Amino acid sequence: FVSTIDLMEKGYADLELSVKSAGGHSSRPFGGTSLGILSEAIAAITKNPFTAELSDVMRGAFDALGPYITAEPLKSLLADFDGNREAIAQCCMENPTLFPHVTTTIAPTVIRGSSAACNVMPQNMEAVINFRIAAGHTPEEVMAHCAAAVNDDRVSLRFLQANPPSSIARTDGFGYAKLLEAAEK
């Protein structure tokens, strides 16, 4: 039996990317298409992931779970958490279960405005990328990161919604101690 005690919630942001163009017939794609420009912007963001960081919450999780971790190289790395901090973070980034806990995640989820005909270039297109913002970071940092990655004035960026991560709950109080006590039973 495994139980989780969540001490914080990641932030949430939906970033809309939009591109406007004249559209037209595909025989005259001079200057590119709105779909091509939008695709490049999405790719630029996804190819520039946020760095991996071990928050205080992850430190606490590894302190609690360390004795039960048998998988290498994580088991050996945890023997010296502070000395191996970067290696542990990288190890987490390579694990599908752990990577969301050590970084702001990037997930393109929506694309709108393409043409129904294969020989017609779309005019105005939008895409949405969802972010789950890691502890210690802000929606403003997400926006700056994405704007720098895209670096194209033809692409407009705006948040549809954006909320920062919650504060981290304390682990030195009565309530947390009782949760741990209940989980051990």
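Calculation rules
Every chain is numbered on its own, with residues counted from 1 as its sequence reads. Only residues with pLDDT of at least 70 get local features here, since the model is predicted, and only at 80 or more are side-chain atom pairs given and counted; chain-wide, interface and lining totals rely on the full set of residues. Side-chain numbers here rest on the full set of heavy atoms in the structure, without hydrogens or water. Counting from the N terminus, the helices are the DSSP runs of H or I reaching at least four residues and the strands are the DSSP runs of E reaching at least two. Relative accessibility decides the category of a residue: with a 1.4 Å probe and only protein chains considered, values under 20% of the type maximum give buried, values over 50% give exposed, and everything between is partly exposed. Residue types Ala, Val, Leu, Ile, Met, Phe, Trp, Tyr and Cys, when buried and joined through side-chain atoms within 4.5 Å, form a set referred to as a nonpolar core. We call two residues in contact when some of their heavy atoms are within 4.5 Å. Two cysteine sulfur atoms make up a disulfide if the distance between them is within 2.5 Å. Aromatic pairs are defined between Phe, Tyr and Trp rings, using the six-membered ring for Trp, whenever the two ring centres lie within 6.5 Å; interplanar angles under 30 degrees are classed as stacked, those over 60 as edge-to-face, and all others as tilted.

J.: Describe the environment of Ala64, and please don't skip the residues or the numbers.
T.: With respect to the element layout, Ala64 can be found in helix α2 (residues 56–65). What makes Ala64 partly exposed here is its relative accessible area of 47%. Each C-alpha atom of the pair Ala64 and Ile133 lies 24 Å from the other, and the pair is 69 residues apart in sequence.

J.: So, the nonpolar core: which residues are in play, and what are the values?
T.: In this structure, Leu15, Leu17, Leu38, Ile45, Phe131 and Val155 are the most contacted members of the largest nonpolar core, which totals 21 residues. Going through the elements one at a time, β1 (11–19), α1 (34–46), β5 (125–133) and α5 (139–150) are the ones with two or more residues in this core. Leaving out residues up to four positions away in the same chain, Leu15 has contacts with Ile45, Ala127, Val128, Ile129, Phe131, Met143, Cys146, Leu157, Arg158 and Phe159. Ile69, Leu78, Ile88 and Ala89 belong to the second largest nonpolar core, which has 14 residues in total.

J.: Any details on the state of the cysteines? Residues and values, ideally.
T.: Under the definition given, this model contains zero disulfides. Among the cysteines around Cys92, which has no disulfide bond, Cys91 carries the closest sulfur, lying 5.9 Å off.

J.: How would you summarise the packing of aromatic side chains if you had to cite specific residues and measurements?
T.: Overall, the coordinates contain two aromatic pairs when judged by the stated rule. Taking 6.3 Å as the distance between ring centres and 85 degrees as the angle between the ring planes, the aromatic pair formed by Phe50 and Phe131 counts as edge-to-face. Residue Phe50 is found in the loop between α1 and α2, and its partner Phe131 is found in strand β5; the two are separated by 81 residues along the sequence. In this pair, the class of Phe50 matches that of Phe131, namely buried. Ring centres of Phe62 and Phe81 lie 6.4 Å apart, and the angle between their planes is 50 degrees; on these two criteria the pair is classed as tilted. Of the two residues, Phe62 is situated in helix α2 and Phe81 in the loop between α3 (74–77) and α4 (85–93); the sequence distance between them amounts to 19 residues.

J.: I'd like a description of the environment of Gly31, backed by residues and values.
T.: Along the chain, Gly31 falls in the loop between β2 (24–25) and α1. Using a relative accessible area of 53% as the deciding quantity, one classes Gly31 as exposed. Apart from the residues within four sequence positions on either side, Gly31 is in contact with Ile37 and Arg154.

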